[in-house]
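Take a look at the letters that make up each chain.
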Amino acid sequence: MENPNEVLSAAEEHQLISSDESIPLNGFRKYQGVWLAEFFLPGVINAQRDFKARPTDILLATYPKCGTTWLKALAFSIATRARLSFTGHPLHDLSPHACIPLLEEECLNFDGISKLDVMNNEEPRLLQTHMPFSLLPESIKTSNCRLVSIYRDPKDALISFWYFRNKIWGSCGGTYTVVPFAVFFEMFYQGIIGFGSIWEHALGYWNESLRAPGRILFLKYEELLEAPVENLTKLAEFMGCPFTVEEVKRGVPEEISSLCNFNKLSDAAAKQDRATGVAGTIGLKPEAYFRKGVAGDWKNHLSSEMAQKLDQMTEEKLQGTGLVI
Ligand code: A3P
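Computed from a predicted model, the values in this text were never measured in an experiment.

S.K.: Would you mind showing me how to read the overall build of the protein here?
M.R.: From N to C terminus, the protein includes 17 helices and six strands. Across the 325 residues of the protein, 56% fall into the buried class. For the protein, the share of sequence-separated contacts (at least 6 apart) that also reach a separation of at least 24 residues comes to 74%. With the model as given, the accessible surface of the protein reaches about 14300 Å², and the carbon-plus-sulfur share is 52%.

S.K.: Looking at this model, I keep getting lost on the pattern of salt bridges. Mind explaining?
M.R.: A side chain with one charge can pair with a side chain of the opposite charge if their charged atoms come near. Within the structure shown, the criterion is met by 14 salt bridges. Residue Asp 50 pairs with Arg 49 through a salt bridge whose shortest N-O separation is 3.3 Å. Three or more residues joined by partner-sharing salt bridges are found here, namely Asp 153, Lys 155 and Asp 311.

S.K.: Would you take a moment to explain the site of the ligand for this structure?
M.R.: With respect to spatial proximity, 18 residues lie near the ligand, and among them Lys 65, Thr 69, Ser 160, Tyr 221 and Lys 292 are the closest. Residue Phe 262 places a main-chain N or O atom 3.4 Å away from a nitrogen atom belonging to the ligand. For the ligand, an oxygen atom lies 2.8 Å from a polar atom in the backbone of Gly 293. Taking 570 Å² as the accessible area of the ligand by itself, protein coverage stands at 97%. Only α3 (68–79) and α15 (262–270) provide two or more residues apiece to the shell around the ligand. A total of three residues in the shell around the ligand trace back to one element, the largest contributor, which is α3. For the shell around the ligand, the per-class residue count stands at eight nonpolar, six polar and four charged.

S.K.: Whenever I open this one, α3 confuses me. Can you help?
M.R.: In this model α3 runs 16 Å from its N-terminal to its C-terminal C-alpha over twelve residues, within 8% of the 16 Å that 1.5 Å per residue would give. Here α3 lies mainly inside the structure; eleven of its twelve residues are buried. Along α3, the positions that sit buried rather than exposed are Thr 68, Thr 69, Trp 70, Leu 71, Lys 72, Ala 73, Leu 74, Ala 75, Phe 76, Ser 77 and Ile 78.

S.K.: It is not clear to me how the nonpolar core should be interpreted in this structure. Could you clarify?
M.R.: Buried together is how nonpolar side chains tend to be arranged in soluble globular proteins. Formed by 66 residues in total, the largest nonpolar core has its most connected members in Phe 51, Ile 140, Leu 158, Phe 188 and Leu 302. If you tally residues by element for this core, the top one is helix α9 (residues 181–190), at seven residues. Residues contacting Leu 302, with those up to four places away along its chain left out, are Lys 155, Leu 158, Ile 159, Phe 181, Phe 185, Ala 307 and Leu 310. Within the second largest apolar cluster, 33 residues are counted, among which are Ile 58, Ile 78, Leu 217 and Tyr 221.

S.K.: Teacher, can you tell me more about the pairing of strand β5 (residues 146–151) here?
M.R.: The side chains of a regular strand alternate, first on one face of the sheet and then on the other. Of all six residues making up β5, five are buried, and the element is well covered by its neighbours. Here three bridges tie strand β3 (residues 58–61) to β5, and the two strands are oriented parallel to one another. Bridged to Ile 58 within β5 is Arg 146. As paired strands, β5 and strand β6 (residues 216–220) are joined by five bridges and run parallel to one another. In the strand pairing of β6, Tyr 151 is matched with Lys 220.

What counts as what
- Residues numbered from 1 in each chain as written.
- Predicted model: local features only at pLDDT ≥ 70, side-chain atom pairs only at ≥ 80, totals over all residues.
- Heavy atoms only, no water.
- Helix = DSSP H or I, 4+ residues; strand = E, 2+ residues; numbered from the N terminus.
- Buried < 20%, exposed > 50% of the residue type's maximum accessible area, 1.4 Å probe, protein only.
- Contact = heavy atoms within 4.5 Å.
- Areas by Shrake-Rupley, 256 points an atom, 1.4 Å probe, with all protein chains shown as cover.
- Salt bridge = Lys/Arg side-chain N within 4 Å of Asp/Glu carboxyl O.
- Near = heavy atom within 4 Å.
- Polar contact = N/O pair within 3.5 Å; in protein donor to acceptor, adjacent residues only side chain to side chain.
- Nonpolar A, V, L, I, M, F, W, Y, C, P; charged D, E, K, R; others polar.
- Expected span 1.5 Å × (residues − 1).
- Core = buried A, V, L, I, M, F, W, Y, C linked by side-chain atoms within 4.5 Å.
- Pairing = 2+ DSSP bridges.

Now the structure itself:
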């Protein structure tokens, strides 16, 4: 097992990988081939060493800024619909991030592992990670637990990430260096960003889905926007709790869609004053996870050369794989 102190420091790594002097790497570590925000590294290492997956677990494995918060809200309300009524539902007051734990965050200290069990005493346990497949604890890789991923157009993921990073800069200042947008663009393009390249992330889970058909549900942010009920119905089936005919008649899928829509969740977030976990510690507010909630906002930010460069990378990386993101 690698020790965090033995992982190349960002400065050493900088000599090795970045010929572009303008990419600042303070606050990042490259661990097992993937760039991580330094503060998550102990959580990743602890999870790899100690986390024990159960075959019944459902892990939401998402790349940052691709719809994690929305997916968490949907999965939580689907899984708990028999015991939680829609009036007075926890999501009216609680962030989806408080409802489903982030594995690498809960494992930042040792109590985290046992806390995961306490938080998840119902089966199936619902968990979330941003780790790429290659970094997952061995017990997740080898168990048959189900995985759900969500991706979106990398151009929109980049813009969303850029705004989110600015909020982090705003709240914790020194941890990251403020960079111009053009530099951030290169960081995203080269995968020198928390949890690495979006393309490698998607391919890792895609390859696993080819090895173990049926193990991973791939959702797309744009499709969820276009047909929320249809997609959340797919999610419920995959999670092993499909809607009954009676529930469909009563409009339960529509109720869940409405409970988790952008306006409802962001209105609720605006009333909460502290984000959970690391986000709360660095001063991020729950509303930081909500911005526009649309597809295609990249058109307002990217030059046509930048858009082309990203599209070209998407094509090159995914060509012949069967994966579309
Ligand atoms: P934008 O920045 O493009 O608006 P994550 O949860 O993975 O951090 O992703 C955040 C992105 O999802 C943000 O995208 C945010 O606005 C959007 N989002 C959050 N909740 C949403 C919802 N219920 N419906 C649609 N988009 C949502």
